[in-house]
Amino acid sequence: MKHWMIYAMVYLGALLMIYNIYGFVRFARYIRGIKTWGRSNRVLYVPIVLLVCFLLGYLMVGFFGKPDLVIAGILLGGSVFVFVMYKMLGSIVQKVIEAEHLEAELMAAEESNRAKSSFLASISHEMRTPMNVILGMNALAMKNPDLPGETREQMQKIGQSARHLSGLIDNILTMQEAESVGLTMREESFSLMEAVEQLSANASTACQQKGLRYETSFAKCAARNYIGDAAELKRAITCILDNAVKYTDAPGTVRFCVKCQKDKNRDTHVLFIVSDTGVGIDEAFLPRIFEPLTQEDGSSTNRFGGSGMGLTVAKSIITHMGGSIEAESKKGAGSTFTITVPISPVPNEVCADCEGCGPDQGEDCATCRICKLGQALAEEGPGAVWEAA
């Protein structure tokens, strides 16, 4: 009985080895069909040759040898070991091939996306020139004092639509530039007071047209000159203010505040805080609000309009400035966006109670005028309120 069991183990090991050889042959043919492996697939024939040699050894032992239980166990165990390794190798290679396919599909998708972005940017550039002509001609026509009232109203609507479309074109170009080469920020002196006054004037007008209350509060630092890209900064804040107005129904409120963070009595960051009492955003959707072309639901798109690019553009601009945007919102209770920008004040413009001005300069001291303007703003504080009629 023991004698037959030993030979059964030897021949079972030989049969399993034949299966292993068959499996490796199929595996080698499969690899050869993958062009990316090239000539390196020849190494797969080495284990096949070795397994054939092992199989011959099995047969020699079975036909001409006198194996004991230990030898038979080693032979059968060897076949089982090769079988397990073959299965593991097949699984690993399959995962590698799947990863290569996924990488190829990802590269193809990225290439397709780049082609679409390039096409969209080219079309947008081509649209910008005639759009500027439309805006220019519209502005010239509106200056005509003899323009009939009905025609003037129609021209106003044309101008509004053209400016809206021009803004969409600018947003598309900004997104494309940010994705391809990154935005280029200028470093030049600008008046933060002038910038926030322009932003407030536009937001106040929009609120008045919609019947909203507009409140603003500027810290003393708003009267200072800073180093940075004023145009891009205003553009990013405009995107946030436009959204606040757009998603707030009358008689709601939109607030715009400017604050400063200091380190050792020196301004290091300027905070622009935009809050509203609008429809709000679901907390589950907040992590996705800065994704391109993303809006919370279709009904908001139909009711409020919009392309889903404003927050993405604002996020891209502020990020390239080295700043950040944080959003807090609750459905039905409004939203608050805090923009933090690390812009530096112009050197030698800081004063304390007009120190540093010459005794003969008096009211002609530019630094002193900046301080006095800041003091006036600080005294106004939250009381600087515009209320829509």
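Scroll up to find the structure this text is about.
Note that the coordinates shown come from a computational prediction; the quantities given were computed from them, not determined experimentally.

It is worth spelling out the overall build of the protein chain at this point. Helix and strand counts for the protein chain come out as nine helices and nine strands. Burial statistics for the protein chain: of 389 residues in total, 38% are counted as buried. Expressed as a percentage of contacts within the protein chain between residues at least 6 apart in sequence, the contacts between residues at least 24 apart total 72%.

The next point concerns the environment of M9. For M9, the location among the structural elements is in helix 1 (residues 2-32). When its relative accessible area of 19% is taken as the criterion, M9 is described as buried. Spatially, the C-alpha atom of M9 lies 9.4 Å from that of G77, the residues being 68 residues apart in sequence. Once residues within four sequence positions are removed from consideration, M9 is found in contact with L69, A72, G73 and L76.

Read across the sheet, three strands follow the order 1-3-8 without closing on themselves; strand pairing throughout is antiparallel. What marks the edges here is a single partner per strand, and that holds for strand 1 (188-191) and strand 8 (344-345). As defined by bridge partners, strand 3 (residues 225-228) adjoins strand 8 across two bridges and the pair is classed as antiparallel. Bridge assignment links Y226 to a residue of strand 8, and that residue is P345. Taken strand by strand, helix 5 (residues 192-210) contacts strand 1 and strand 3, and its axis lies near 55 degrees from that of strand 1.

Here strand 1 pairs with strand 3 via four bridges, running antiparallel. Within strand 3, the position partnered with S191 by the bridge is N225.

Attention now moves to the nonpolar core. Grouped together as the largest cluster of nonpolar side chains are 44 residues, with contacts concentrated most on F256 and F272. When contributions to this core are tallied by element, the ones reaching two or more residues are helix 5, strand 2 (213-218), helix 6 (230-246), strand 4 (253-262), strand 5 (267-276), helix 8 (310-320) and strand 7 (335-341). No other element matches the nine residues that helix 6 contributes to this core. Residues within four places of F272 in sequence aside, it is in contact with L192, V196, L233, I237, F256, C257, V258, F337, T338, I339 and V341. Core analysis: the next-biggest nonpolar cluster, separate from the first, contains 22 residues, A14, L44, V82 and Y86 among them.

Structurally, the position occupied by N20 is in helix 1. For N20, a relative accessible area of 0% corresponds to the buried category. Setting aside anything within four residues of it in sequence, one finds N20 in contact with L51, S79, V82 and F83.

Before going further, it helps to spend a moment on the side chain of T248. Relative to the helices and strands, T248 resides in the loop between helix 6 and strand 4. With a relative accessible area of 0%, T248 lands in the buried category. At a separation of 2.6 Å, a polar atom in the side chain of T248 contacts the main-chain carbonyl oxygen of A244. Beyond its immediate chain neighbours, meaning those up to four positions away, T248 contacts K210, L212, T253, V254, D276, T277 and G278.

So, about unusual backbone geometry. Across the junction of A250 and P251, the peptide omega takes the value 5 degrees, indicating a cis bond. Structurally, P251 can be placed in the loop between helix 6 and strand 4.

Time to look at the packing of helix 6 against helix 8. Where helix 6 meets helix 8, the closest approach of the two axes is 9 Å, and the angle between their N-to-C directions is 150 degrees. With respect to helix 8, the axis of helix 6 lies roughly antiparallel. Judged by the sense of rotation from one axis to the other, the crossing of helix 6 with helix 8 is left-handed. Contacts between helix 6 and helix 8 involve E232, L233, R235, A236, C239, I240 and N243 from the former and G310, L311, V313, A314, I317 and I318 from the latter. Tallied by class, the residues present in the contact of helix 6 with helix 8 amount to nine nonpolar, two polar and two charged.

Looking at the element boundaries, Y45 is found in helix 2 (residues 45-64). Given the relative accessible area of 34%, Y45 is considered partly exposed. It is 7.9 Å that separates the C-alpha atoms of Y45 and V25, two residues lying 20 residues apart in sequence.

Definitions and cut-offs
Along each chain, numbering runs from 1 in the same order as the chain's sequence is written. This being a predicted model, a pLDDT of at least 70 is required before a residue's local features are given, and a value of 80 or more before pairs of side-chain atoms are given or counted; all residues contribute to the totals for chains, interfaces and linings. Values reported for side chains reflect all heavy atoms of the structure, with hydrogen atoms and water molecules removed beforehand. Counting from the N terminus, the helices are the DSSP runs of H or I reaching at least four residues and the strands are the DSSP runs of E reaching at least two. Only protein chains enter the accessibility calculation, which uses a 1.4 Å probe; a residue is then buried when its area is under 20% of its type maximum, exposed when over 50%, and partly exposed in between. Contact criterion: two residues are considered in contact whenever any of their non-hydrogen atoms come within 4.5 Å of each other. Strand pairing is assigned whenever DSSP detects at least two bridges linking the two strands. Note on geometry: axes are lines fitted to C-alpha atoms, helical ones only across the stretch in contact, with angles between N-to-C directions running from 0 to 180 degrees. As used in this record, nonpolar core signifies buried Ala, Val, Leu, Ile, Met, Phe, Trp, Tyr and Cys residues forming a set joined through side-chain atoms within 4.5 Å. Throughout this description, a polar contact denotes any pair of N or O atoms lying within 3.5 Å of each other; where both atoms belong to protein, one of them has to be capable of donating a hydrogen while the other can accept it, and for residues adjacent in sequence the pair is counted only when both atoms sit in side chains. Relative orientations are named as follows: roughly parallel for angles under 35 degrees, roughly antiparallel for angles over 145 degrees, roughly perpendicular for angles from 65 to 115 degrees, and oblique for any other angle. Crossing handedness follows the turn of the near helix against the far one: under a right angle anticlockwise gives a left-handed crossing, and clockwise gives a right-handed one. In the scheme used here, Gly and all other residues not listed as nonpolar or charged are polar, with Ala, Val, Leu, Ile, Met, Phe, Trp, Tyr, Cys and Pro taken as nonpolar and Asp, Glu, Lys and Arg as charged.

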